[in-house]
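Structural overview
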Amino acid sequence: MKLPIYLDNHATTMVDPRVVEVMIPYLSEQYGNAASNHHEFGWKAGAAVELARNRVAHLIGARNDEIVFTSGATESINLAFKGIAEGHHSKGEHIVTVATEHKAVLDTCKTLEKHGFKVTHLGVDHHGIVSLDDIKRVLTERTILVSVMLANNEIGTIAPLAQIGALCRSRDVLFHSDASQAVGKIPVDVVDLNVDLLSFTGHKMYGPKGIGALYVRASGPRMNLIPQMDGGGHERGLRSGTLNVPAIVGFGKAAELADAELNDDASRTAALRDMLVEGITSSLDDVAVNGHPTERLPHNANIRFRHVKGDILMMDMKDIAVSSGSACSSASPEPSHVLTAIGLSREDVLSSIRFGLGRFTTKEEIGYTIQRVVEVVKSARTQMLHHQFANS
Ligand SMILES: *Cc1c(COP(=O)(O)O)cnc(C)c1O
């Protein structure tokens, strides 16, 4: 077993070696521009892009012409929100989203608010689930977009998208979902989920960084998505800019692998995750799992360790890469807005650690992690008690 152990798969994932392998030719001899349609270099690049588009579309049950390649989920989310805001402002200025969304959504909403849009941020219950009734209650004639993430990046809670989507459709409101953490990890079907727009990204599913997609539903109620990047009219005019062929090829391979291996990955990581939770909770007092007991990602465990600081635990076990309840946007060490939204006290937020398992996590690594966590938590608690006695 090699140290350090990577258990931060919600932040990013290792690029699968099979993905790297198919990308390499497109970083060297296959350098054509996919938009050059008058010679062989361009045709080859174009064919590789369309094969990748086919695989990415298939993974989420979409049609090829419903996939727009972007630089990642952040860009997809920006395009969805700003593009719909611009295209539908004559209908209204109201947008509905949830307090536990990723910054890519929350900060895009902030910008839209500066431009006169009104954003309702709904709360969640203590498992991290938004209530359908709450959404129903806040929708108005002027609501143009509802956005609810499919799976949360901190606590792994999975939202009931199909029902929310059905509600939106019945009220003639467009529905977007940030599915960055879900695509490639759990089955995602855009038809079953009743979404109109869906954002996801390569580097969270064993593909390369800097490539993502926006699913844009082609049929059904009117959707006027205004491009946010002007130029050569690539991606059916929705996202101009020369396509990143190597990254797209890698993203396509990652999608193909996910299609074939998702169920096996999910059951294997879920078993290892359960082993981790069981190992930790059976050896330590005052620990609890954050998030939903069953409606959660198979590879996520977010655990709070009463009476110790997550940051200190992380410092004491540098051989294990995890995230704490404060390090999410590590530039500003604020307590996580997600853990705060599910009702945790500041102390509980700061004592929480996120474990993100992945395709390459081994049983040996989980065994080692259990042992280290138990050891480090016990030692931190003992030290804390000594401090308390010394100070009393
Ligand atoms: C990683 C992530 C993003 C951002 O994706 P990028 O491709 O890095 O821009 C957005 N939302 C969620 C839920 C994520 O986990």
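On a predicted model such as this, the values are computed, not experimentally measured, just so you know.

Examining the sheet that holds strand β3 (residues 94-98)
- Taken together, the seven strands give an open sheet; going across it, the order is β2-β8-β7-β6-β5-β3-β4, and neighbouring strands pair in mixed fashion. Each edge of the sheet is formed by a strand with only one pairing partner; in this case those strands are β2 (67-70) and β4 (118-122). Pairs of neighbouring strands in the sheet enclose a mean axial angle of 20°, with direction left out of account.
- When β3 meets strand β5 (residues 143-147), the two strands line up parallel, connected through three bridges.

Some details on helix α6 (residues 161-170)
- Every buried residue of α6 is accounted for by L161, I164, G165, L167 and C168. On an axial view of α6, the arc spanned by its buried residues comes to 160°, and they lie on one face.
- As for α6, its buried residues are in contact with α5 (132-138), β5 and β6 (174-178).
- One or two steps after α6, the chain reaches D172, where phi turns positive at roughly 60°.

Quick look at the sheet that holds strand β12 (residues 323-324)
- Across the sheet, which stays open at both edges, the four strands sit in the order β9-β10-β13-β12 with antiparallel pairing between neighbours. Only two strands of the sheet have a single neighbouring strand rather than two, namely β9 (287-290) and β12.
- Where strand β10 (residues 300-305) lies against strand β13 (residues 352-356), five bridges are found, and the strand directions are antiparallel. The residue bridging R304 from the neighbouring strand is S352, located in β13.
- Its contacts with the sheet put helix α7 (residues 245-283) on β9, β10 and β13, and the angle it makes with β10 is roughly 10°.
- The strands touched by helix α11 (residues 363-391) within the sheet are β9, β10 and β13, with β10 carrying the most contacts at an inclination of about 20°.

Section: the domain arrangement of the protein chain
- Here the protein chain is described as being made up of domain 1 (5-11 + 261-390) and domain 2 (17-256).
- For domain 1 versus domain 2, the separation of C-alpha centres amounts to 29 Å.
- Contact with domain 1, which involves 29 residues of that partner, is made by 31 residues of domain 2.
- Both sides together, the interface formed by domain 1 and domain 2 hides about 2500 Å², and carbon and sulfur atoms give 56% of it.
- Inspection of the region where domain 1 meets domain 2 yields one salt bridge.
- In this assembly, domain 1 and domain 2 are joined by 12 residue pairs in polar contact (both at pLDDT 80 or more).
- Contributing elements (two or more residues each) for the side of domain 1 that touches domain 2: α7, β10 and α9 (337-341).

Considerations on the environment of A151
- Relative to the helices and strands, A151 is located in the loop between β5 and α6.
- Leaving out residues up to four positions away in the same chain, A151 has contacts with G156, T157, I158, D178, Q181, A182 and L297.

As for the environment of A62
- Tracing the backbone shows A62 in the loop between α2 (40-59) and β2.
- Sequence separation between A62 and F360 is 298 residues; the distance between their C-alpha atoms is 28 Å.

Description of the packing of aromatic side chains
- The tally for this structure, following the rule as stated, stands at four aromatic pairs.
- Between F69 and F251 the ring centres are 6.2 Å apart and the planes differ by 65°, which places this aromatic pair in the edge-to-face class. Here F69, found in strand β2, pairs with F251, found in helix α7; they are 182 residues apart in sequence, far enough to count as distant.
- Residue F69 is classed as buried on the basis of its relative accessible area of 2%.
- Looking at F251, the relative accessible area reads 0%, which means it is buried.
- A network of ring pairs unites the aromatic residues F69, F200 and F251 as a single cluster.

As for the pattern of salt bridges
- By the definition in use, this model includes 24 salt bridges.
- Between R354 and D8 there is a salt bridge, with the nearest N and O atoms lying 3.1 Å from each other. A residue pair is termed long-range when its members are at least 10 positions apart, and R354 in strand β13 and D8 in the loop between β1 (5-6) and α1 (17-27) qualify at 346 residues. As far as burial versus exposure is concerned, R354 and D8 are alike and both buried.
- R63 is the partner of D65 in a salt bridge, and the nearest nitrogen-oxygen pair spans 2.7 Å.

About the thresholds
Residues numbered from 1 in each chain as written. Predicted model: local features only at pLDDT ≥ 70, side-chain atom pairs only at ≥ 80, totals over all residues. Heavy atoms only, no water. Pairing = 2+ DSSP bridges. Helix = DSSP H or I, 4+ residues; strand = E, 2+ residues; numbered from the N terminus. Axes fitted to C-alpha atoms, helices over the stretch in contact; angles between N-to-C directions. Buried < 20%, exposed > 50% of the residue type's maximum accessible area, 1.4 Å probe, protein only. Arc of directions from axis to C-beta. Contact = heavy atoms within 4.5 Å. Domains from an automatic or database assignment. Buried area = accessible area lost by both parts, 1.4 Å probe. Salt bridge = Lys/Arg side-chain N within 4 Å of Asp/Glu carboxyl O. Polar contact = N/O pair within 3.5 Å; in protein donor to acceptor, adjacent residues only side chain to side chain. Phe/Tyr/Trp six-rings, centres within 6.5 Å; stacked < 30°, edge-to-face > 60°.

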